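# Geometric and topological summary
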Amino acid sequence: MSNAVANNKAETEAATNSSLKQSSPNSQPANSSHDAKLLNGSLARTNGLTHAASSAVSAATSGVTSSSTASAAAAAVAASNLLSAVAPSNALPLPPSSNGLQMPYERYRADDTSYVPIGQFYAGRSVFITGGTGFMGKVLVEKLLRSCPDIRNIYLLIRPKRGQEVSARLTELLNAPLFESLRREKPKELSKVIPISGDITSEELGISEKDQNLLCRNVSVVFHSAATVKFDEKLKLSVTINMLGTKRLVELCHRMLSLDALIHVSTAYCNCDRTDVSEVIYAPPYNPDDIISLINWLPEDILDQLTPRLIGKRPNTYTFTKALAEHMLLKEAGNLPVAIVRPSIVTASLNEPFAGWVDNFNGPTGLVSALAKGMFRTMMCEKNYVADMVPVDIVINLMIAAAWRTATRKSNNLLIYNCCTGQRNPIVWSEFVKHAMTSVRKHPLEGCLWYPTGDLRMNRPMNTLNCIVKHFLPAYILDGVARIMGKKPFVVSVQNKIAKAVECLEYFATRQWRFKDDNVHALLNTLSPKDREVFVFDVRHINWDKYVERYVLGFREFLFKQRPESLPASRKRMLRLYYLHQLTKLVAVLLTWRFLMSRSKRLNDLWSAFLDNALKLARLIPFL
């Protein structure tokens with residue numbers, strides 16, 4: 001696999017060099033000058049630091065280094081100065097002419113001879129993908145190879161990891177279950193995937209000059225999905241990946257000779273400080289360049305102190321930096337053909353490449369998995385609020401179609417697509433939990449610790465009490481038994497991880513948003529019937545009951561590595577756990593009643609009177 005990739009990469013370089021040499025002599029000097037300007041990245045870079053912020057940074061750094069005994073006071077003063085220096089005067093929406101408001105779409109007409117099918121559009125084109133080894137990136141690569149068979153090459157930005165070279169990581173990626181049908185039916189397609197060694201956190205994305213030239217001469221479509229999605233990420237790293245990484249990619253895109261579309265993957269929750277979110281870019285809370293400058297100048301301990309005040313009403317650094325990245329993209333893109341796709345909560349696949357595929361425990365997946373194991377029973381959640389989840393293949397199909405639209409219908413606006421389900425096919429949290437509960441009982445996991453049950457609450461004291469009684473008390477008991485038996489305890493550690501995940505998701509489960517998706521719906525109407533069948537992103541067709549069942553079967557197979565053949569034995573175990581659960585509830589009720597009876601004479605008298613009347617009534621039954 002790696003040799004084929006290397007040969008393909010060499011052939012691509014040779015072909016491009018040959019085509020350049022064969023160009024017309026009259027046009028060669030001008031083109032060479034233009035190529036040199038683009039490939040050498042002559043675009044000027046500025047850090048965008050305002051004078052006020054620069055003064056605050058200087059004061060902060062000098063205050064911290066001048067005296068070790070006054071470092072705490074200096075940090076507090078620096079924080080105050082920095083916030084006042086970069087805080088915006090207002091946060092109004094940007095002018096409609098540049099904020100992504102879309103011109104009316106033309107509906108598809110069968111007699112439109114200018115219509116180019118999506119698959120045909122990608123024929124002969126090369127694509128560059130960042131984040132290609134992530135959850136969404138894998139599905140994007142597989143879909144492009146399977147549904148756009150004439151695509152030329154797919155360049156993946158891959159970071160060497162844990163001593164693994166990029167070629168080894170690519171081989172591991174293409175050997176994943178996700179690519180099984182391609183390996184079986186179209187093995188030659190996999191050779192079109194070419195690794196580009198780099199790192200989103202490095203200058204110029206860590207890409208060598210040779211590979212930069214290769215990308216700039218060949219790539220016409222770019223998908224930028226690389227991001228840190230950790231909600232509790234440090235501000236410095238979150239800014240470096242989500243903002244600086246985007247800025248560096250845009251600088252590279254400016255040097256591409258034939259770029260037709262750049263698709264930036266954001267999140268619908270980047271504007272979670274608003275209840276109604278339209279398909280526009282809203283003014284950010286701070287100047288993105290100032291925030292970048294702050295993380296470059298300030299010590300990390302001061303940044304950690306600043307973080308809660310900087311992110312304001314947003315719950316984490318992820319949504320904060322994603323909002324700033326959108327505004328920065330609007331500013332840096334210039335005349336580049338750009339579109340932004342904002343998915344809500346991305347979950348397992350609906351249909352492609354097969355139903356229920358998922359490769360991580362992020363978001364609802366981890367909590368439903370814990371529920372299936374019998375380890376998760378209560379959380380803070382408004383059960384009647386919409387759970388805006390969207391299957392990963394729906395998002396990918398929209399991204400592919402958005403790139404097609406951006407390239408074939410030129411626009412001066414930066415277009416935005418809110419990829420969500422809440423407007424067209426909503427499901428509330430209580431329904432999702434009900435479907436999940438039914439499915440995890442019908443298709444139980446091996447080694448389930450207890451019968452799956454659970455409740456959604458909005459009463460915090462009651463939720464905390466239930467967490468102690470139903471989560472941590474059994475965890476400590478089980479770990480104590482494990483220690484006595486000489487085994488390694490693990491349940492308390494798992495419960496701590498679950499509690500951390502619940503804390504991150506609580507903000508999104510106790511609030512509700514209305515994400516407008518008019519651009520998505522309009523884009524759907526421009527597709528031909530065949531393209532709608534191949535690149536499905538109409539969320540109205542999702543059957544939530546069936547989807548959640550496949551979701552459960554998916555994480556059972558792909559995350560827990562449990563085969564369908566083990567289901568009969570797991571169901572028998574689940575039946576035993578059900579009876580044990582009911583018996584435990586009965587014993588708990590009897591013990592509680594016994595305790596109350598022993599503590600209250602009045603209650604004891606009432607109980608005796610009730611039994612006496614019940615016996616008298618029973619004796620009268622034969623005469624009735």
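Residues numbered from 1 in each chain as written. Predicted model: local features only at pLDDT ≥ 70, side-chain atom pairs only at ≥ 80, totals over all residues. Heavy atoms only, no water.

### Points about the sheet that holds strand β7 (residues 338-343)
Two modes of strand pairing occur in sheets, parallel and antiparallel, and in both the strands are linked by backbone hydrogen bonds. Rules: Note on pairing: DSSP must find at least two bridges between two strands before they are called paired. Counting from the N terminus, the helices are the DSSP runs of H or I reaching at least four residues and the strands are the DSSP runs of E reaching at least two. Under this scheme, a helix contributes an axis fitted over its contacting stretch, all axes are lines through C-alpha atoms, and angles between N-to-C directions fall in the 0 to 180 degree range.
Taking strand neighbours across the sheet as the criterion, the 7 strands line up as β3-β2-β1-β4-β5-β7-β11 in an open arrangement whose pairing is parallel. The outermost strands of the open sheet, each flanked by one partner alone, are β3 (193-197) and β11 (415-419). Between one strand axis and the next, the sheet turns by 20 degrees as a mean value, whatever way the strands run. Pairing of strand β1 (residues 126-130) with strand β4 (residues 219-224) involves 5 bridges; the strand directions are parallel. Within the sheet, the bridge partner assigned to Ile129 lies in β4 and is Phe223.

### Here we look at the pairing of strand β5 (residues 261-265)
Test applied: Using a 1.4 Å probe on the protein chains alone, a residue whose accessible area is under 20% of its type maximum counts as buried, one over 50% counts as exposed, and one in between counts as partly exposed. Here a crossover is taken to be right-handed if, once the strands point away from the viewer, the path from the first strand over the helix to the second is traced clockwise.
The buried count for β5 comes to 5 of 5 residues, which makes it a mostly enclosed element. Of the two faces of β5, both are covered, the one formed by Ala261, Ile263 and Val265 as well as the one formed by Leu262 and His264. Note that the unit made of β4, helix α10 (residues 235-253) and β5 has a crossover that is right-handed. Where β5 and β7 come together, 4 bridges link them in parallel fashion. Its bridge partner lying in β7, Ile263 is registered against Ala339.

### Considering empty space enclosed by the protein
Worth spelling out the cut-off: Cavities and pockets were defined on a 1 Å grid built over protein atoms only: a cavity is a set of grid points that admits a 1.4 Å probe from which the probe cannot escape, a pocket is an open set flanked by protein on both sides within 12 Å along at least five of seven lines, and lining residues are those with an atom within 4 Å of any such point. Grid points are joined across faces, edges and corners, and a volume is the space filled by probe spheres set on the points. In this classification, Asp, Glu, Lys and Arg are treated as charged, Ala, Val, Leu, Ile, Met, Phe, Trp, Tyr, Cys and Pro as nonpolar, and every other residue, Gly included, as polar.
All told, the structure shown has 3 cavities of 30 Å³ or more when counted by the stated rule. If you add up the space inside the largest cavity, you get close to 260 Å³. Around the largest cavity sit 22 residues that line it, and Leu367, Phe376, Met379, Val433 and Leu456 are the ones nearest its centre. Elements supplying a minimum of two residues to the lining of the largest cavity: α14 (364-372), β9 (378-380), α16 (429-442), β12 (455-457) and α18 (491-509). Among the elements that take part in the lining of the largest cavity, α16 stands out by supplying 5 residues, more than any other. Taken together, the residues of the lining of the largest cavity break down into 17 nonpolar, 3 polar and 2 charged. Here the second largest cavity defines a volume of roughly 120 Å³. In this structure, the second largest cavity is lined by 14 residues; those nearest its centre are Asp517, Val520, Phe537, Asp538 and Val539. Among the elements that make up the lining of the second largest cavity, the one with the highest residue count is helix α19 (residues 518-526) (3 residues).

### Brief notes about the confidence of the model for the protein chain
To keep things clear, this is the line we draw: For every residue, the predictor assigns a confidence score, pLDDT, that lies between 0 and 100. For this analysis, residues touch if any pair of their heavy atoms sits within 4.5 Å.
Within the protein chain, residue pLDDT values average 84, and 83% of them lie at 70 or more. Confidence drops under a pLDDT of 50 for residues 59-73, and excluding neighbours within four residues, the segment shows 6 contacts in the predicted structure.

### Side note on the nonpolar core
To keep it simple, the criterion reads: The term nonpolar core refers to a set of buried residues drawn from Ala, Val, Leu, Ile, Met, Phe, Trp, Tyr and Cys, joined through side-chain atoms within 4.5 Å.
Ranked by size, the top nonpolar core spans 107 residues in total, and within it Tyr122, Leu144, Phe223, Met399 and Phe555 carry the most contacts. Top contributing element to this core by residue count: helix α15 (residues 392-408), with 12 residues. In contact with Phe223, other than residues within four places in its own chain, are Tyr122, Val127, Phe128, Ile129, Thr130, Leu140, Leu144, Ile263, Met399, Ile400 and Ala403. In this structure, Leu215, Val222, Ala226 and Ile340 belong to the second largest nonpolar core, which totals 30 residues.

### Considering the pattern of salt bridges
Formally: Here, a salt bridge means any side-chain nitrogen of Lys or Arg that lies within 4 Å of a carboxyl oxygen of Asp or Glu.
Overall, the coordinates contain 23 salt bridges when judged by the stated rule. When the shortest N-O distance is used, the salt bridge between Lys143 and Glu352 registers 2.6 Å. Highlighted residues: Lys143 in helix α6 (residues 135-147) and Glu352 in the loop between β8 (345-347) and α14, separated in sequence by 209 residues. One exposure class covers both Lys143 and Glu352, and it is buried. The shortest N-O distance in the salt bridge between Arg146 and Glu352 comes to 3.2 Å. Taken together, the positions of Arg146 in helix α6 and Glu352 in the loop between β8 and α14 put the pair 206 residues apart, joining distant regions of the chain. The exposure class of Arg146 is partly exposed, given its relative accessible area of 23%. The network of salt bridges with common partners includes Glu142, Lys143, Arg146 and Glu352.

### Thoughts on a nonpolar patch on the surface
To keep it simple, the criterion reads: Each patch is assembled from residues with relative accessible area greater than 30% and no salt bridge, linking like charges that lie within 9 Å and nonpolar side chains (Val, Leu, Ile, Met, Phe, Trp, Tyr) that lie within 5 Å. The accessible surface values rely on the Shrake-Rupley method and a 1.4 Å probe; as for residues, cover is taken only from the protein chains in view.
Together, Met462, Leu465, Ile468, Val469, Leu473, Ile477, Val481, Ile484 and Met485 line one region of the surface with nonpolar side chains, adding up to about 890 Å² of accessible area. With respect to the helices, strands and loops of the structure, Ile484 is situated in helix α17 (residues 460-484).

### Focus: the packing of α14 against α16
The condition is simple: Angle categories: roughly parallel below 35 degrees, roughly antiparallel above 145, roughly perpendicular from 65 to 115, and oblique for all the rest. Crossings are sorted by hand: turned counterclockwise from the far helix by less than a right angle, the near helix makes the crossing left-handed, and turned clockwise it makes it right-handed.
At a closest axis distance of 10 Å, the pairing of α14 and α16 adopts a crossing angle of 45 degrees. The angle between the axes of α14 and α16 places the two elements in the oblique class. You can see that α14 and α16 cross each other, and the crossing is right-handed. Every residue of α16 that contacts α14 at Pro364, Val368, Leu371 and Ala372 is listed here: Phe432, Ala436, Met437 and Val440. Its residues assigned to classes, the contact of α14 with α16 comprises 8 nonpolar, no polar and no charged.

### Observations regarding α18
Rule in force here: The span you would expect from a helix comes to 1.5 Å times its residue count less one. In this scheme, the bend at a residue equals the angle between the axes fitted to the seven residues that finish there and the seven that begin there.
Here α18 contains 19 residues, and its C-alpha end-to-end distance of 25 Å stays within 8% of the 27 Å for a straight helix at 1.5 Å per residue. At Glu503, α18 is bent by approximately 30 degrees, the largest bend along its length. Buried within α18 are the following residues: Val491, Val492, Gln495, Ile498, Val502, Leu505, Glu506, Tyr507, Phe508 and Ala509. Of the surrounding secondary structure, the elements contacted by the buried residues of α18 are α13 (317-333), α14, β9, α16 and α17.

### Concerning the environment of Asn543
Using the following cut-off: Definition of a polar contact: a pair of N or O atoms within 3.5 Å, with one able to donate and the other able to accept a hydrogen when the atoms are protein atoms, and with sequence-neighbouring residues admitted only if both atoms are side-chain atoms.
Position of Asn543 relative to the elements: it lies in the loop between α20 (529-534) and α21 (544-558). Residue Asn543 is classed as partly exposed on the basis of its relative accessible area, which comes to 38%. Here the side chain of Asn543 touches Lys546 through a polar contact of 3.2 Å, landing on its backbone nitrogen.

### Remarks on unusual backbone geometry
Residues Glu352 and Pro353 are joined by a peptide bond in cis, for which omega reads -5 degrees. Within the fold, Pro353 resides in the loop between β8 and α14. You will see that Glu204, though not glycine, has its phi angle at about 55 degrees, which is positive. The topology assignment puts Glu204 in the loop between β3 and α9 (209-218). In this structure Glu204 comes out as partly exposed when scored by relative accessible area, which is 39%.

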